[in-house]
Amino acid sequence: MEIIHVSAECYPVAKAGGLGDVVGALPKYQNELGHIAKVVMPMYKTKFLMNNAWDVVHKGRTNIGDYWFDYTIIKEQTNKLGFDLYLVDINGLLDREKVYGYDDDTERFAAFQVSVVDWISVWAHKPDVIHVHDHHTGLIPFIIKHCYKYQHLHDIPTVLTIHNAQYQGAMGWDKSYLLPPWDSWKWGMLDWKGAINPLASGIKCAWKVTTVSKSYLEEMRQSSNGLEDLFEYERGKCSGILNGIDVDVWDPATDSYLEDHFSVETVAEGKSRSKKKLCDTFSLDIHKPLIVFIGRLVGEKGADILPAAISDSFYYIGRKMNFLILGSGFPEVEAQLSALQRLAQNDYNVYVGYNEALSHLMYAGADFLLMPSRVEPCGLNQMYSMRYGTVPMVRRTGGLRDTVVDYGEENGYGIVYNWAAIGDITQGIWRAVDLYSDEEKMAEIRGRMMQLDFSWQSSVQQYISLYQDLQYKEEPVAKSLPE
Ligand code: ADP
Ligand code: GLC
């Protein structure tokens, strides 16, 4: 089958979070099964763009409203990521350093989506599936179904994967001109609560919708930033498929970001060498357990309660552990976490910013990884940490619920708590300190975690079955009656 993934991120081209990791891996594993999976994404000004060679495969011209623009599709020459990678270049709109965060993001991603459809519309053949990811590409199913210019594409099956329903890309109806002329009877397929909502439109118009874990799908029917009723109504076409991790990139035995590699047999020595590097660099005490947090410093991740949870832990449990934080996000959370440095006694540090290499060293060198998420559609950090023998300390929600079993349960291996609340987090930290003091138990848990299978193998198969179902269930075309 030929599958076209359309996404705002794809590692290692451009990544702001887990969406990048998933779109950088899933197509590769689909190709390994003998399918043809391709990725189309915006051409940002990234190192990857500068350091690789490209062919121009198409030049087109289209518009959003009165604004006409040229777009160019370029393709990476060597297929080095394990799939065909296409970038959409729109002068002045997409060619910027960051993926998101500009005042005109709505226009940027509208122009991107229109260009992708416009390009596919001139292909000599049709792909078997267009698989879109999150709200930045959520309008594509509508454009294909209801925009006059692209009517000949309307029977291409579309799949929407929701990585995060907190962000929906909603815009006022005054922006409806951003879409190519469309059948106005279908306005309801764009609308959610009085606004054009690209994520809601994707849910309504895509042939199938997936979320990145089963528990997240269940939770969204109760709480999904205003989309609860829609998930309830559309539940027949929704399913949860857990993300995998790219085991070629995330392997402590070969990780190209690490100097000290280790396997399940050598985890104790391997980890302690990476831990020493972290402790030397960040003035931490190697004899105490090292608890880390890696991620976006936003409410969803529970980052706003980290400063209080850390200072409460020092106060109530004592200075029995180290904390090291890597992340960026809300300025006030960054400031509070930085302010805590003044109270450190060789047991706390923070790196504000994005640093891929440091994140790998932290997964390798830490003893515990904290994830007090309020919302976690899947979460990749906990799976990376387990592969690197680092015990995840997670709130029981979404994908964390589906991947981590508390070590108090049979064959368990993590620390699981119910609420993203200071008390629950500090109690988890207390349990971590206690567990760390039992070397035998720690070794047993590390071994167990490192042998768990979080590869893409089973999930890739589930996606393929979902696509195959679409082929068979194509809506019948009305035929004239026999004479
Ligand atoms: P989300 O996509 O919601 O941010 P995930 O757990 O799915 O959460 O994925 C986060 C990804 O981003 C992981 O690969 C994690 O290591 C990485 N990451 C997050 N913040 C940083 C950071 N500040 N520096 C380096 N990597 C980061
Ligand atoms: C989102 C979610 C995260 C998930 C990632 C990849 O950003 O917040 O939980 O792992 O997408 O699907």
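Shown above is the structure to which this text applies.
Model, not experiment: these values are computed from the prediction. (Residues numbered from 1 in each chain as written. Chains lettered and ligands numbered in written order. Predicted model: local features only at pLDDT ≥ 70, side-chain atom pairs only at ≥ 80, totals over all residues. Heavy atoms only, no water.)

(A) Examining the site of ligand 2 more closely. The immediate surroundings of ligand 2 are formed by 13 residues, with H163, N243, E376, C378 and G379 found nearest. In this structure, an oxygen atom belonging to ligand 2 sits 3.4 Å away from a main-chain N or O atom of P377. Protein chains shield 93% of the accessible area of ligand 2, which is 310 Å² for the free molecule. Per-element accounting of the shell around ligand 2 gives the leading share, three residues, to helix 1 (residues 18-32). Looking at the shell around ligand 2 residue by residue, the class counts come to six nonpolar, five polar and two charged. A domain-level breakdown of the shell around ligand 2 finds at least three residues from each of domain 1 (2-244 + 458-470) and domain 2 (267-453). (Near = heavy atom within 4 Å. Polar contact = N/O pair within 3.5 Å; in protein donor to acceptor, adjacent residues only side chain to side chain. Areas by Shrake-Rupley, 256 points an atom, 1.4 Å probe, with all protein chains shown as cover. Helix = DSSP H or I, 4+ residues; strand = E, 2+ residues; numbered from the N terminus. Nonpolar A, V, L, I, M, F, W, Y, C, P; charged D, E, K, R; others polar. Domains from an automatic or database assignment.)

(B) The arrangement of the sheet that holds strand 6 (residues 129-133) in detail. Strand order in this open sheet of nine strands is 3-4-5-2-1-6-7-10-11, and the pairing throughout is mixed. Of all strands in the sheet, those bounded by a partner on one side alone are strand 3 (54-64) and strand 11 (238-240). Neighbour to neighbour, the strand axes of the sheet diverge by 25 degrees on average, direction disregarded. Sheet topology places strand 3 next to strand 4 (residues 67-76); 10 bridges connect them, and they run antiparallel. Within strand 4, the residue paired with W54 across the bridge is E76. Its contacts with the sheet place helix 3 (residues 105-120) against strand 1 (2-6), strand 2 (36-42), strand 3, strand 4, strand 5 (84-89) and strand 6, and it is angled at close to 115 degrees to strand 3. Relative to the sheet, helix 5 (residues 198-205) contacts strand 7 (158-162) and strand 10 (208-211), its axis offset from that of strand 7 by approximately 135 degrees. (Pairing = 2+ DSSP bridges. Axes fitted to C-alpha atoms, helices over the stretch in contact; angles between N-to-C directions. Contact = heavy atoms within 4.5 Å.)

(C) Here's a closer look at the environment of Y354. Following the sequence through the fold, Y354 ends up in the loop between strand 14 (348-352) and helix 11 (356-365). Classification of Y354 by relative accessible area gives partly exposed; the value is 49%. Put simply, Y354 and M43 are 311 residues apart on the chain and 20 Å apart in space, counted from C-alpha to C-alpha. In contact with Y354, not counting residues within four places along its chain, are K15 and A16. (Buried < 20%, exposed > 50% of the residue type's maximum accessible area, 1.4 Å probe, protein only.)

(D) View of unusual backbone geometry. Cis geometry is found at the peptide bond from Y11 to P12, where omega equals 5 degrees. Within the element layout of this structure, P12 appears in the loop between strand 1 and helix 1. For K193, which is not glycine, the phi dihedral falls at a positive 55 degrees. Tracing the backbone through its elements, the reader meets K193 in the loop between strand 8 (191-192) and strand 9 (195-196). Among the residues examined, K193 registers a relative accessible area of 62% and is labelled exposed. In this structure, N346 takes a positive phi of about 55 degrees despite not being glycine. Within the secondary structure, N346 sits in the loop between helix 10 (331-339) and strand 14.

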